[in-house]
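# Analysis of the macromolecular model
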Amino acid sequence: MTIKDIAREAGVSASTVSRVFNNNPRISSEVSSRVREIARKYNYHPRLPIRQRNVILLVPQESGYPAHYCVERLVMALSGELFKRNFQVEIVPWSNRDNLKSKQFYAAAAIGIDGETFRHWQGDFVQTLVLVDRFLEPAEPGVYQVCADEYGAMKLAAEHFKAHGIHRPGVLIYGSPGIGNSDLRMNGA
């Protein structure tokens, strides 16, 4: 698909489609929704110049264990891998999420933010969103979930302790039941 194909199917000009993807406030919500729906239907993503090839990383506005360690590691890992592919990482605190509509980006990842807050992601964006260690049930089109294997991690830790003669390790699990991965960690332990 090209921008012209989307414009033809939406019954608008190619410049209007471009304005939709640039989040121009003068485009009506009806036209914007129609264009975005067609783009999703054909899995179309705007082609951005190299200087705008960025991936948005949505992070919690408050620093709190363990999310801030995950954010730190994710930023390091993503920025290294994406740099090799001519992408950049742009960090956006969740408290500034309203600014996303004025940005051009290829994709977004969110860590440490409740998945339910992304319930209508595809209503506003054609870009893919990846939720890291959070769930959105039922799944939303264009929103993918990547979660840790807490059971596997606990098994590796237990094998390590056993191999080193530690037979009764203690386990401290941060978090409240039902929030984040604390239940998964407890079950794994």
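See the structure printed just above.
Residues numbered from 1 in each chain as written. Predicted model: local features only at pLDDT ≥ 70, side-chain atom pairs only at ≥ 80, totals over all residues. Heavy atoms only, no water.

## Here's the deal with the sheet that holds strand 3 (residues 107-111)
The strands that make up a sheet pair up through hydrogen bonds in the backbone, lying either parallel or antiparallel. Strands sit in the order 2-1-3-4-5 across an open sheet of five strands; the sheet is parallel. Each edge of the sheet is formed by a strand with only one pairing partner; in this case those strands are strand 2 (88-93) and strand 5 (143-146). Neighbour-to-neighbour, the strand axes of this sheet turn through a mean angle of 25 degrees, independent of strand direction. The pairing of strand 3 with strand 4 (residues 128-132) spans five bridges and is parallel. Counted as the bridge partner of Ala109 is Val130 from strand 4. (Pairing = 2+ DSSP bridges. Helix = DSSP H or I, 4+ residues; strand = E, 2+ residues; numbered from the N terminus. Axes fitted to C-alpha atoms, helices over the stretch in contact; angles between N-to-C directions.)

## Section: helix 1 (residues 3-10)
Listing the buried residues of helix 1 in full gives Ile6, Ala7 and Ala10. Buried positions in helix 1, seen along its axis, are confined to an arc of 100 degrees and lie on one side of it. Structural note: helix 1 exposes Lys4 and Arg8 on the side pointing more than 90 degrees away from its buried face. Buried residues along helix 1 sit in contact with helix 2 (14-21) and helix 3 (29-41). Remark: Gly11 follows helix 1 within two positions and exhibits a positive phi of approximately 75 degrees. (Buried < 20%, exposed > 50% of the residue type's maximum accessible area, 1.4 Å probe, protein only. Arc of directions from axis to C-beta. Contact = heavy atoms within 4.5 Å.)

## Overview of unusual backbone geometry
Note that the residue after Glu137, namely Pro138, is joined by a cis bond; omega there is -5 degrees. Relative to the helices and strands, Pro138 is located in the loop between strand 4 and strand 5. Phi is positive for Asn43, close to 55 degrees, though the residue is something other than glycine. With respect to the helices, strands and loops of the structure, Asn43 is situated in the loop between helix 3 and strand 1 (54-59).

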